[in-house]
Amino acid sequence: MKNKLIESVESQFNNKELPEFRAGDTVKVHFRITEGNKERIQVYEGLVLKIHNASSNSTFTVRKMVGDIGVERIFPFYTPKIDKIELVRKGRVRQSRLYYMRELRGKAARIKERRKGF
């Protein structure tokens, strides 16, 4: 059972408007990066491998390919560093964890698009 004080602090961060997405979707995450005294926004576009729901500690993992190397990054849902999240494409998958995508390359790594009604 959570403490009332912890719940009140967490509720300040949990009211962020985020698009609805799930594993298999392609998203663009606009992430705020601080370098010294300058701040810029870096766009990280990739496939959502998994979503970990744990109230204010919820995270999602995004994988993108840089050349032949796969790069994965874990983003917390409720952080002020995320400027916005854009849903690029909805993928049709049957699993909630897409770890098998790590071994696939090229055409084998494609995911069909989820259409309206499916």
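Residues numbered from 1 in each chain as written. Predicted model: local features only at pLDDT ≥ 70, side-chain atom pairs only at ≥ 80, totals over all residues. Heavy atoms only, no water.

Where an unreviewed UniProt entry is consulted, the chain appears under the name Large ribosomal subunit protein bL19, with the organism given as Denitrovibrio acetiphilus. Reading the Function (unreviewed entry) entry of the UniProt record for the chain gives the comment "This protein is located at the 30S-50S ribosomal subunit interface and may play a role in the structure and function of the aminoacyl-tRNA binding site." Recorded in UniProt for the chain, the comment headed Sequence similarities (unreviewed entry) runs: "Belongs to the bacterial ribosomal protein bL19 family." (UniProt positions renumbered as here; feature names shortened; annotations may be inferred.)

Draft legend 1. Highlighting the pattern of salt bridges. Enumeration according to the criterion identifies eight salt bridges in this entry. As a salt-bridge pair, R63 and E72 come within 3.0 Å of each other at their nearest N and O atoms. Looking at R63, the relative accessible area reads 12%, which means it is buried. For E72, a relative accessible area of 30% translates into the label partly exposed. Where salt bridges share partners, they join R32, E39 and D83 into one cluster. (Salt bridge = Lys/Arg side-chain N within 4 Å of Asp/Glu carboxyl O. Buried < 20%, exposed > 50% of the residue type's maximum accessible area, 1.4 Å probe, protein only.)

Draft legend 2. The sheet that holds strand β4 (residues 69-76), seen in detail. The strand order β4-β3-β2-β1-β5 describes an open sheet built from five strands, whose pairing is antiparallel. The two strands at the open ends of the sheet, each matched to only one other strand, are β4 and β5 (82-89). Across the sheet, the axes of successive neighbouring strands diverge by a mean angle of 40°, strand direction being ignored. Inspection of the sheet shows strand β1 (residues 26-35) paired to β5 by six bridges, in the antiparallel sense. Note that in β5 the partner of H30 across the bridge is K84. (Pairing = 2+ DSSP bridges. Helix = DSSP H or I, 4+ residues; strand = E, 2+ residues; numbered from the N terminus. Axes fitted to C-alpha atoms, helices over the stretch in contact; angles between N-to-C directions.)

Draft legend 3. Highlighting the nonpolar core. If you look at the biggest cluster of nonpolar residues, it comprises 14 residues, and the most contacted ones within it are F21, V27, V29, F60, V62, F75 and I82. Of all the elements in the fold, those that place two or more residues in this core are β1, β2 (38-52), β3 (59-66) and β5. No other element matches β1, which puts four residues into this core. Core analysis: the second largest hydrophobic core is formed by six residues, A23, L47, L98 and M101 among them. (Core = buried A, V, L, I, M, F, W, Y, C linked by side-chain atoms within 4.5 Å.)

Draft legend 4. Expanded view of the environment of V71. Along the chain, V71 falls in strand β4. With 31 residues separating them along the chain, V71 and R102 place their C-alpha atoms 9.8 Å apart. Setting aside residues no more than four positions away along its own chain, V71 makes contact with Y44, V62, R63, K64 and V66. (Contact = heavy atoms within 4.5 Å.)

Draft legend 5. Inspection of a nonpolar patch on the surface at higher detail. Side chains of V66, I69 and V71 sit close together on the surface and give an oily, nonpolar patch of about 240 Å² of accessible area. Classification of V71 as partly exposed rests on a relative accessible area of 31%. (Patch = residues over 30% accessible without salt bridge, like charges linked within 9 Å, V, L, I, M, F, W, Y side chains within 5 Å. Areas by Shrake-Rupley, 256 points an atom, 1.4 Å probe, with all protein chains shown as cover.)

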